[in-house]
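Chain by chain, the residues run as shown.
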Amino acid sequence: MKIHIFGASGSGVTTTGEALSEKLNVQYLDSDAYFWELTEPPFTVRRNPDERNFKIKSDLENLDNWILGGSVFQWGENVFPDFDLVIYLWIPSEIRIERLKKREFERYGNIIYTQPERIKQFEDFMTWASDYDNNTGIASRNFEAHENWMKTIKYPILKISGDLTLDERIELIIEKIQLEKLRIF
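Below or above, wherever it landed, is the structure these notes cover. In this text, all values refer to a predicted model and were calculated from it rather than measured experimentally. Throughout this description, residue numbers start from 1 for each chain and increase along the sequence as written. In keeping with the model being predicted, local features are shown solely for residues with a pLDDT of at least 70 and side-chain atom pairs are shown and tallied solely at 80 or more, while totals for entire chains, interfaces and linings include all residues. By convention in this description, side-chain values take in all heavy atoms of the structure and omit both hydrogens and water.

Attention now moves to the overall build of the protein chain. Numbering of helices and strands runs from the N terminus, with a helix taken as a DSSP run of H or I at least four residues long and a strand as a DSSP run of E at least two residues long. Check the secondary structure of the protein chain and you find 8 helices and 5 strands. Each helix (α) and strand (β) of the protein chain, taken in turn from the N terminus, gives the series β-α-β-α-α-β-β-α-α-α-α-β-α. Relative to the globule expectation of 16 Å for 185 residues, the C-alpha radius of gyration of the protein chain, 17 Å, shows essentially globular dimensions. On the principal axes, the C-alpha backbone points of the protein chain span a range of 50 × 35 × 30 Å. Partly exposed describes any residue whose relative accessible area lies between the buried limit of under 20% and the exposed limit of over 50%, with all areas from a 1.4 Å probe on protein chains only and scaled to the type maximum. For the protein chain, the proportion of its 185 residues judged to be buried stands at 44%. Per element, the accessible surface of the protein chain, about 10300 Å² overall, is 49% carbon and sulfur. With C-alpha atoms as the basis for the radius of gyration, the globule rule is written as 2.2 Å multiplied by the number of residues raised to the power 0.38. Calculation of accessible area relied on Shrake-Rupley with a 1.4 Å probe; when residues are assessed, cover is drawn exclusively from the protein chains displayed.

Salt bridges are defined as contacts in which a side-chain nitrogen from Lys or Arg sits within 4 Å of a carboxyl oxygen from Asp or Glu. Counted by the stated rule, this structure contains 13 salt bridges. One salt bridge in this structure joins Glu 37 and Arg 47, with 3.9 Å as the shortest N-O distance. You can see Glu 37 sitting in the loop between α2 (32-35) and α3 (49-61) and its partner Arg 47 sitting in the loop between α2 and α3, a full 10 residues away along the chain. Of the residues examined, Glu 37 reaches a relative accessible area of 27% and is grouped as partly exposed. Arg 96 is the salt-bridge partner of Asp 133, the closest N and O atoms lying 3.3 Å from each other. Remark: Arg 96 occurs in helix α4 (residues 93-108) and Asp 133 occurs in helix α6 (residues 116-134); sequence separation between them is 37 residues. For Asp 133, a relative accessible area of 25% corresponds to the partly exposed category. Accessibility expressed as a relative area gives 1% for Arg 96, which makes it buried. Residues joined in a network through salt bridges with shared partners are Glu 37, Arg 47 and Glu 51.

Take a look at the structure:
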């Protein structure tokens, strides 16, 4: 089983992916672990795309079953094997942005409001994340780009829209797996 879960930042991709991983006993891989170098503070230095693609391709090829979380549709050709199921999560922007503000504060604390460099990083991130639904060109990874990508793929797609609970999302995914008669190992 090769599942890809994606959506806007703050839509619940990691939370859903980790919960599904636990339920199905399948390894969860987060695209951020490949996209970003390990730095302090995190998410500030992008990994070289060739290195990133080699690493993720190698890791996925060495696993029979996995769940990959994150938007990877712009990473290039021949990086990923065929997906058995693609899951797209969408929630209203105002809920997503509030989740992100809470998450950033929980991760970093007051520093995102007190240290000039960290204030700028936080504000830049929130501007980028807010652009997902607006499609003003700040972010190339946006609603329109995701919708266009889904029109081009041949894999089964499950779109989950709205502010559903984690249990509701997992239930919909399990139903889709059963409907598609996908092998859960």
